[in-house]
Amino acid sequence: MKKKILCLVLALAMLLSLVACGGNNNTPADQTPDTPPADTTTPDDTTTPDEPAADGELVPYTYEEDEVYDAALGEFYETYMKAFDATNLSERYALMAIAEAKMLGAGVMIPLTTRGGNYVLRRTAPRSASTIMWGNDLDRFHDIIVTNEMVTVEDWEAMKSLWTELRGTGTYHDEVQKWLAEHNYTISDTYDYAYTADPATWDGLGTQKQNDSRAICQTCDNLLEYNCENDLKPALAESWEYNEDFTEWTFHIRQGVNWVDSQGREIAPVQADDWVAGYQHMVDVNKAAALTLNLVQGAQDYADGVTTDFSQVGVKAVDQYTLVYTLSTPCTYFDTYLTYSTVASPLCRTYYESHGGKFGADFDSSAADYTYGKDTNNIAYCGPYLVTSHTEKSMIVFQANPAWWNAENLQTKTVNWRYNDGTDATKAYQDFKAETLTNVVLNAAVIEAAKADGLYDGYNTISDTEATSFVGFINLNRAAFANDNDNTKMVSPQTEEQAARTHVALNNHNFRLALCLALDHATNNAQTVGEELKLVSLRNSYTPGNFMYLLEEVTVDINGTPTTFAAGTAYGAVMQAQIDADGIPIKVWDEATGSSDGFDGWYNPTAAVEYLDKAIEELAASNCDISAENPIYVDLPYNSTDENYTNKAQAFKQSVEATTENRIIVNLVGGSSDDWSDAGYNMDVGTQSNYDIYDLSGWGPDYGDPSTYLDTMLPDGAGYMAKCIGLY
């Protein structure tokens with residue numbers, strides 16, 4: 001590890017050296033439910049965590065974050081670092097797959113689902129917009145072909161076959177419109193979309209949350225963009241090239257394009273310096289989420305304060321329309337980074353400065369005159385849409401930007417985002433019937449209604465699964481027992497003694513594996529997608545197993561045995577080989593289907609009990625006795641205002657408790673959709689993680705390399721998602 005960072009120590013830190021673990025614990029009903037664990041200790045009546053525990057007292061677990069990380073993920077980290085010394089891409093991919101196997105085997109997360117795999121009613125043509133696995137292009141709406149009529153299953157499948165036939169020719173978008181006309185469909189220029197959370201910021205360089213970036217990417221273009229056939233094409237860069245060793249990438253900026261304000265008034269020309277300003281601002285405001293600090297020459301030193309001179313960073317405007325990135329190491333896939341807003345969005349320097357923006361040490365987002373990105377009237381636009389109206393928790397209207405460089409080819413002129421807070425599980429379906437929503441997922445609450453309305457048979461297409469992986473994160477270092485922004489929300493029912501025991505248990509490898517293997521994923525997922533589709537969207541890994549394939553034969557070490565994988569071997573197959581070698585009874589790859597999706601490779605009640613028995617034996621040495629009479633309590637926050645999520649939480653609880661014979665009890669901690677998000681998704685640091693296990697967060701790739709997933713679990717604050725296990 002590069003450094004040691006001490007975490008915040010709450011009352012729990014004191015209590016671990018005091019709490020006796022023998023005998024019965026108080027149950028949640030024995031204490032006031034609206035009061036989080038309080039600090040009742042003083043320096044005079046406690047021992048420190050470094051002192052040995054007395055007889056009958058719980059043996060504490062370290063509170064130093066790096067030591068917690070090393071104990072759980074040290075093997076992952078060590079293996080992952082070897083991947084960066086690989087001599088070729090295939091060796092790199094294989095070593096990364098082995099590292100991920102070590103991470104999954106550590107039991108710090110439970111892979112749950114991905115997007116897609118739902119029954120959907122549609123008024124859109126399939127794959128008329130990009131379906132690439134990484135970056136923001138999947139969220140762009142300007143190419144979507146909207147029909148006025150519902151698309152039948154038969155026609156949907158026919159158009160998908162047309163896409164497969166024409167992929168790579170650049171003609172599908174035009175040809176599918178001809179096909180629609182020939183089959184009596186008419187085209188609309190308006191797309192109506194349901195959204196669940198307003199952007200917290202409109203500064204695309206200052207966020208890594210999809211709720212923000214999905215909206216912001218409509219307003220700002222990047223250098224390159226994937227088209228609907230998933231080929232990388234020019235956007236604000238007309239062309240680009242790279243040197244022989246892939247360390248220098250040159251982009252020629254499209255001339256004659258202008259920034260405009262929210263009223264469409266011209267501000268300044270788009271020029272190469274906008275990417276220099278954008279990169280510096282990104283590091284100033286959002287360096288924890290910056291994806292290329294270790295790749296762009298000098299960027300990490302600038303982020304760490306080693307240098308304050310941004311001219312030492314390898315992002316330079318050679319002239320008004322020539323932009324050069326200089327990398328510290330060769331990167332053959334650097335262009336795949338450039339469709340993600342946090343890497344390569346431009347920033348109009350003069351506009352930013354006119355709204356209080358400063359750079360480097362002078363940057364201060366709390367300054368009274370700093371208004372950039374605060375709302376839609378305080379950003380500059382160079383994308384296909386202007387935001388003409390935004391009413392929180394109601395509607396966002398995107399209208400065509402006449403100044404967009406490709407305005408004459410804009411497919412969808414108006415995009416209406418309509419808010420749905422999820423409290424009515426039938427609302428989206430009713431909106432679809434009223435034609436105020438273009439597409440709708442048929443959740444379990446509306447399938448029967450759709451059948452009765454005649455909108456099911458013949459129309460219920462199944463959506464493709466995609467690259468976002470939702471996982472259940474296990475908190476190894478819990479410090480919060482109510483929401484950080486409002487300590488009256490999502491309050492833990494655990495007593496101090498229960499919380500201390502839970503902390504010790506969750507830092508036991510076998511206990512974590514028992515918890516991971518105790519969940520019936522299919523039944524859990526059925527609560528939101530229905531019984532018929534419960535397996536389709538299940539994901540069994542963090543990185544999809546078909547994300548990458550080996551380009552050539554490679555031999556790597558698996559537990560001391562040189563193991564050869566042929567060219568064309570899937571990333572998931574290498575993961576599975578390492579998991580099998582480690583003797584972890586999980587399945588992350590299905591060779592027959594070539595996927596990590598569509599099956600439950602984790603639910604294993606027999607193995608869960610075996611791991612729990614091992615954990616109980618080990619934890620007894622720490623004076624932490626576990627039984628049905630003296631269980632470990634884990635808190636699971638959930639959205640109690642949504643019927644589907646309530647049912648899902650209940651299924652989670654029932655599965656874990658039944659499998660573990662009530663030796664693990666799941667406390668369901670309910671709240672609104674916003675409260676649920678604030679318990680984890682909206683947190684900034686690990687100490688704000690208000691849960692023991694959390695099933696709302698996930699990760700989608702930002703570029704075409706497995707490191708886009710694995711980097712998120714790096715230590716020392718470098719990994720954006722490590723905070724989800726309570727660290728950094």
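Cut-offs used in this document
- Residues numbered from 1 in each chain as written.
- Predicted model: local features only at pLDDT ≥ 70, side-chain atom pairs only at ≥ 80, totals over all residues.
- Heavy atoms only, no water.
- Helix = DSSP H or I, 4+ residues; strand = E, 2+ residues; numbered from the N terminus.
- Buried < 20%, exposed > 50% of the residue type's maximum accessible area, 1.4 Å probe, protein only.
- Contact = heavy atoms within 4.5 Å.
- Areas by Shrake-Rupley, 256 points an atom, 1.4 Å probe, with all protein chains shown as cover.
- Salt bridge = Lys/Arg side-chain N within 4 Å of Asp/Glu carboxyl O.
- Arc of directions from axis to C-beta.
- Pairing = 2+ DSSP bridges.
- Phe/Tyr/Trp six-rings, centres within 6.5 Å; stacked < 30°, edge-to-face > 60°.
- Lys NZ or Arg CZ within 6 Å of the ring centre and 35° of its normal.
- Axes fitted to C-alpha atoms, helices over the stretch in contact; angles between N-to-C directions.
- Polar contact = N/O pair within 3.5 Å; in protein donor to acceptor, adjacent residues only side chain to side chain.
- Parallel < 35°, antiparallel > 145°, perpendicular 65-115°, else oblique.
- Left-handed = near helix turned anticlockwise from the far one by under 90°.
- Nonpolar A, V, L, I, M, F, W, Y, C, P; charged D, E, K, R; others polar.
- pLDDT = per-residue confidence, 0-100.

(A) Summary view of the overall build of the chain. When helices and strands are counted, the chain shows 20 helices and 25 strands. Across the 728 residues of the chain, 59% fall into the buried class. For the chain, the share of sequence-separated contacts (at least 6 apart) that also reach a separation of at least 24 residues comes to 72%. Of the roughly 27,300 Å² that the chain leaves accessible, carbon and sulfur atoms contribute 47%.

(B) Inspection of the pattern of salt bridges at higher detail. For the structure on display, the rule yields 27 salt bridges. Residue arginine 265 is joined to aspartate 261 by a salt bridge in which the shortest nitrogen-to-oxygen separation is 2.8 Å. According to the relative accessible area criterion, arginine 265 is exposed, its value standing at 53%. On the basis of relative accessibility, which here comes to 12%, the residue aspartate 261 falls in the buried class. One salt-bridge network, in which partners are shared between bridges, spans Glu75, Lys102 and Asp582.

(C) Spatial organisation of helix α5 (residues 172-182). Along α5, the positions that sit buried rather than exposed are Tyr172, His173, Val176, Trp179 and Leu180. Seen along its axis, α5 keeps its buried residues to an arc of 120°; they face one direction. Relative to its buried face, α5 has exposed residues pointing more than 90 degrees away, namely Ala181 and Glu182. Asparagine 184, located one to two residues past α5, shows a positive phi value of around 70°.

(D) Region of interest: the pairing of strand β20 (residues 554-558). Of the two faces of β20, the one holding Val554, Val556 and Ile558 is buried and the one holding Thr555 and Asp557 is not buried anywhere. Across 5 bridges, the pairing between β20 and strand β21 (residues 561-565) is antiparallel. Bridging from a neighbouring strand, valine 556 pairs with threonine 563 of β21. Here β20 folds back onto β21, and the loop between the two strands holds 2 residues, one of which, asparagine 559, carries a positive phi near 50°.

(E) Geometry of the packing of aromatic side chains. Evaluation of the coordinates by the stated rule reveals 38 aromatic pairs. Ring centres 6.1 Å apart and planes at 10° place the aromatic pair tyrosine 333 and tyrosine 703 in the stacked group. A residue pair is termed long-range when its members are at least 10 positions apart, and tyrosine 333 in the loop between β13 (322-326) and α9 (341-344) and tyrosine 703 in the loop between β25 (698-699) and α20 (707-710) qualify at 370 residues. The pair tyrosine 333 / tyrosine 703 is uniform in exposure class, with both members buried. Relative to phenylalanine 398, the ring of tyrosine 385 lies with its centre 6.4 Å away and its plane at 70°, an arrangement referred to as edge-to-face. Taken together, the positions of tyrosine 385 in strand β14 (residues 385-391) and phenylalanine 398 in strand β15 (residues 395-400) put the pair 13 residues apart, joining distant regions of the chain. Across the pair, exposure class does not vary: tyrosine 385 and phenylalanine 398 are buried alike. It is lysine 451 that lies over the ring of tyrosine 456; its NZ or CZ is 4.9 Å from the centre. Above the ring of tyrosine 720, the side-chain terminus of lysine 723 is found at 4.1 Å from the ring centroid.

(F) Here's a closer look at the sheet that holds strand β16 (residues 414-419). With respect to topology, 4 strands assemble into an open sheet ordered β5-β16-β15-β14, the strand pairing being mixed. Taken across any chain shown, the strands that pair with only one partner, and hence form the sheet edges, are β5 (190-195) and β14. The average angle at which neighbouring strand axes cross in this sheet is 15°, direction not considered. Where β14 lies against β15, 6 bridges are found, and the strand directions are antiparallel. Pairing of leucine 386 across the sheet is with glutamine 399, part of β15.

(G) The environment of aspartate 261, seen in detail. Note on placement: aspartate 261 falls in the loop between β10 (258-260) and β11 (266-269). When the C-alpha positions of aspartate 261 and tyrosine 351 are compared, they lie 9.1 Å apart, and in sequence the two are 90 residues distant. When near neighbours in sequence (up to four residues on either side) are disregarded, aspartate 261 contacts Ile267, Ile379, Tyr381 and Leu386. Side-chain polar atoms of aspartate 261 contact the side chain of arginine 265, separated by 2.8 Å.

(H) Geometry of the sheet that holds strand β9 (residues 248-253). One open sheet holds the 4 strands; their spatial order is β8-β9-β13-β12, and the pairing between them is antiparallel. Edge strands, defined here as strands with exactly one partner in the open sheet, are β8 (237-242) and β12 (315-319). Between one strand axis and the next, the sheet turns by 25° as a mean value, whatever way the strands run. Bridge count between β12 and β13: 4 bridges; the pairing is antiparallel. Across the sheet, the residue bridging to lysine 316 is valine 324, located in β13.

(I) The side chain of serine 655, seen in detail. Tracing the chain through its elements places serine 655 in helix α18 (residues 643-659). Not counting the four nearest positions on each side in its chain, serine 655 is found in contact with Ala518, Leu519, Asp520 and Tyr603.

(J) Focus on the packing of helix α4 (residues 153-166) against α5. Axis separation between α4 and α5 bottoms out at 10 Å; the angle between their running directions is 150°. By the angle class used here, α4 and α5 are roughly antiparallel. Of the two elements, α4 crosses α5, and the hand of that crossing is right-handed. Along the contact surface, α4 presents Asp155, Ala158, Met159, Leu162, Trp163 and Leu166, while α5 presents Tyr172, Glu175, Val176, Trp179 and Leu180. Along the lines of polarity and charge, the residues of the contact of α4 with α5 split into 9 nonpolar, no polar and 2 charged.

(K) Representation of the side chain of glutamine 688 in the model. Following the sequence through the fold, glutamine 688 ends up in the loop between α19 (673-679) and β24 (693-694). Excluding anything up to four places from it in sequence, glutamine 688 contacts Ala480, Asp484, Ala679 and Met683.

(L) Looking closely at the confidence of the model for the chain. Summarising the model, the chain shows a mean pLDDT of 90, and 91% of its residues fall at 70 or more. Segment residues 1-53: pLDDT under 50, and 114 contacts once partners within four positions in sequence are set aside and those in other chains are kept.

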